[in-house]
Amino acid sequence: MRTNAAYPSRSIPGKARFDASPYLFILPFFIFCLILLLYPVAYSLALSFRQATVETFVSGDMPFNGLTQYQAALADPIFWRALLNTILFAFFSILFQFTIGFLLGLLFQADFPLKNFCLALLLIPWVSPVLTAANIFKGLFNEAGPVNRICHLVGLGPFPWLADPGYAFPATIVANIWIGFPFNFILLYAGMRSIPTDIYEAAKIDGATFWQRVGYITLPVLQPVSVAVLMLGTIYTVKVFDLVWIMTGGGPANGTHLLSTYAYQVGFSLLNFGEAAAIATLMVLLVVLLNLLQLLLQRR
Amino acid sequence: MTSFAFSGRWWITVAVVIVTAILLSPFYWVLVGSFMTPAELFGIKQSLWPSHFAVENWSMALERLWPHVRNSLLVSAATSIGTLIIAAPASYGLVWKKPVGRHVLSSFMLVTQMLPAIVFVIPLFIVFSRINLVNTLSGLILADMTFTVPFALIMLSAYMKELPYELVEAAMVDGAGPFWAFVVVVLPISLPGLVTVGIFSFLIPWGDLIFALSLITESGLQPLTLELYKAVGQYGIDWAFLLPGSVLTAIPAVLFVILASRFIVAGVTRGAIK
């Protein structure tokens, strides 16, 4: 970093003129940003204020009609169900992902044989395509599947997993926890590794128990990492689409929709692109709000 | 480095192996289940090991999926290469050359990472259908790049910050132009970073469903994920096809993880925290 700061002041012969090369290096990326990132985002925002349904899409005029799409979205009970689901989905996913990741991180602070091998294996749920996880849990929660078998062994069930929204929704959360815990685990693990061990040694000599050391040293020192993990977790979980779309398609009876799957259904099944874009904009607001909330909580 | 807790105790290894086994049991189920007949898979007595290996599940799945594997390979490879071509010079330019407006671009990358896919899917579908990019693999590649390019730029910028810039200056003093210095000095020394980002930019489109679902309807062009998604039809689920297919979809990622675990831990930590 320091060398970079010194760079402009250093005089290289013939280099005194305006140097265009940085802009040339960035040019392809800049064009890409304009056409494939900025334009779609602006388009989506503009679309949310326009009537974009099958008829107007074919004729191509898509007239401006103000907040109608937002009003339509907010008047729909499924929207509110999907919003509540998204918040619950994010809350429980992150709660368990973080807890599992934290405990695993602690466990992996010890050195033992097979450590790197186990660590690599534990990353599989996270790097595998979501489709694989979705199909796995579709099978595990099948009415005659292993989860009901195990429930049967302890004298429970069978439960209508995936056939009843009250059961299907928690089932999707379980699947999402499985996908996301490795991400929490490696970040927290790496964060814990960077804590100097002499702090622990000192506490140990002073007679602190294991859980006291965790509570008074690991947790506070790890706070910046934890906040980053929680914020990234929030961003990722609010974005989840494939998992729920494959496992339940938002059903049964629209009971497991997240905002993402609901927006997709409104857009591509009901072909109301304007309202789907409005829901998409509301999703972005939700992500921003949740992150601000976390920042505020952290300040206190 | 000694750690603060219970190091060197034998029961740690036992505990970790048990915990790992429990957490990976869903993956074990799909792996073993891909060799079982549906009757055995969901029968009254469920076993942990197939009574006989139903290899025909795999041969039939592979035969049906092969054209889609080819589509996925093509799309993922092209996305990965395209992403590197755009993001490698750009991250170099942003990190080491400090152009005006670099903070705006970097923040915009972070913002796009926060946006849900639906924000891109709807406009890209509408625009691509107007310019005939729907139902083309190039359309899908461009769409996938909206995920991979911001991610690649963030990762590569973090990586390039830590490389010795003096080498580039030396090459420039020796008379190399900025472009030549980039090709001869920067690219070789940032190779590990480029490989990691290239692999991630391969895996992301490989697992993508939402863009394929909305942009590709022609069955000959459908990638692996879409073909598997569609296998869940109105007549129920063909598990003998779905499970081998799901394992097949996970193979590149699993291979990558096992070959490069240390690499990932370092890369992810650097990209996410800094």
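Residues numbered from 1 in each chain as written. Chains lettered and ligands numbered in written order. Predicted model: local features only at pLDDT ≥ 70, side-chain atom pairs only at ≥ 80, totals over all residues.

(A) Inspection of the overall build of chain A at higher detail. Along its length, chain A carries 16 helices and zero strands. Whereas a compact globule of 300 residues would reach a radius of gyration of roughly 19 Å, chain A reaches 25 Å, over 25% beyond that. Taking the principal axes of its C-alpha atoms as reference, chain A extends roughly 85 × 75 × 40 Å. Sorting the 300 residues of chain A into buried and exposed places 45% on the buried side. (Helix = DSSP H or I, 4+ residues; strand = E, 2+ residues; numbered from the N terminus. Rg over C-alpha atoms; globule rule 2.2 N^0.38 Å. Buried ≥ 20, exposed ≤ 12 C-beta atoms within 10 Å, placed from the backbone.)

(B) Structural context of the overall build of chain B. From N to C terminus, chain B includes 13 helices and two strands. For chain B, the spread of C-alpha atoms along the three principal axes comes to 75 × 65 × 30 Å. When each of the 274 residues of chain B is scored for burial, the buried share is 49%. Across chain B, contacts joining residues at least 24 apart in sequence account for 74% of those joining residues at least 6 apart. (Contact = placed C-beta atoms within 7 Å.)

(C) Geometry of the environment of Leu295(A). Residues and elements named next belong to chain A. Its place among the elements puts Leu-295 in helix H16 (residues 273-299). With 11 C-beta atoms packed within 10 Å, Leu-295 lands in the exposed category. In this structure the C-alpha to C-alpha distance between Leu-295 and Ile-136, which are 159 residues apart in sequence, comes to 36 Å.

(D) Representation of the interface of chain B and chain A within the structure. Taken together, the contact between chain B and chain A spans 85 residues of the former and 81 residues of the latter. Of the residues forming the side of chain B that touches chain A, the biggest block, 14 residues, is contributed by helix H1 (residues 10-33) of chain B. Grouping the amino acids of the side of chain B that touches chain A by side-chain chemistry returns 62 nonpolar, 18 polar and five charged. (Nonpolar A, V, L, I, M, F, W, Y, C, P; charged D, E, K, R; others polar.)

(E) Main features of the confidence of the model for chain B. Residues and elements named next belong to chain B. Looking at chain B as a whole, its pLDDT mean stands at 88, while 91% of the residues score no less than 70. The secondary-structure element of chain B with the lowest mean pLDDT is helix H13 (residues 261-273), recorded at 60, while helix H10 (residues 210-215) shows the highest, at 96. Both scores are available for the predicted complex, with the pTM at 0.90 and the ipTM at 0.91. (pLDDT = per-residue confidence, 0-100.)

(F) Broad picture of the packing of helix H3 (residues 55-96) of chain B against helix H12 (residues 239-259) of chain B. Residue and element names in this part refer to chain B. Where H3 contacts H12, the two axes come as close as 9 Å, and the packing angle between them is 70°. The angle between H3 and H12 falls in the class roughly perpendicular. In contact with Asn-57, Trp-58, Met-60, Ala-61, Arg-64 and Leu-65 of H3, H12 contributes Ala-240, Phe-241, Pro-244, Gly-245 and Leu-248. For the contact of H3 with H12, the residue count by class is eight nonpolar, two polar and one charged. (Axes fitted to C-alpha atoms, helices over the stretch in contact; angles between N-to-C directions. Parallel < 35°, antiparallel > 145°, perpendicular 65-115°, else oblique.)

(G) Representation of unusual backbone geometry in the model. The step from Gly251(A) to Pro252(A) runs through a cis peptide bond, and the omega angle for that step is -10°. By the element assignment, Pro252(A) lies in the loop between helix H14 (242-247) and helix H15 (259-269). With phi around 65°, Asn135(B) is a residue other than glycine that occupies positive phi space. Topologically, Asn135(B) is positioned in the loop between helix H5 (118-130) and helix H6 (137-161). Residue classification places Asn135(B) among the partly exposed residues on the basis of 16 C-beta atoms within 10 Å.

(H) Focus on the nonpolar core. Judged by nonpolar contacts, the single largest core of 168 residues is most densely connected at Leu243(A), Ala263(A), Ile279(A), Ala87(B) and Ile122(B). At 16 residues, helix H10 (residues 165-193) of chain A tops the list of elements feeding residues into this core. (Core = buried A, V, L, I, M, F, W, Y, C linked by C-beta atoms within 7 Å.)

(I) Inspection of the environment of Asn184(A) at higher detail. Residues and elements named next belong to chain A. Here Asn-184 shows up in helix H10. Owing to 26 C-beta atoms within 10 Å, Asn-184 belongs among the buried residues under this scheme. Considering only alpha carbons, one finds Asn-184 and Leu-104, 80 residues apart in sequence, at a separation of 9.4 Å. Setting aside chain neighbours within four positions, we find Asn-184 in contact with Gln-97, Phe-98, Gly-101, Val-229 and Gly-233.

(J) Inspection of the confidence of the model for chain A at higher detail. Across chain A, the average pLDDT comes to 89, with 94% of residues at 70 or higher. A low-confidence stretch, residues 1-11 of chain A (pLDDT under 50), is modelled with seven contacts involving residues beyond four sequence positions or located in other chains.

(K) Local environment of H5(B). Residues and elements named next belong to chain B. Between the first and last C-alpha of H5 there are 19 Å, a value that for 13 residues agrees with the 18 Å anticipated at 1.5 Å per step. All of the buried residues along H5 are Ile-118, Val-119, Phe-120, Val-121, Ile-122, Pro-123, Leu-124, Phe-125, Ile-126 and Phe-128. Just downstream of H5 lies Asn-132, where phi reads positive at about 60°. (Expected span 1.5 Å × (residues − 1).)

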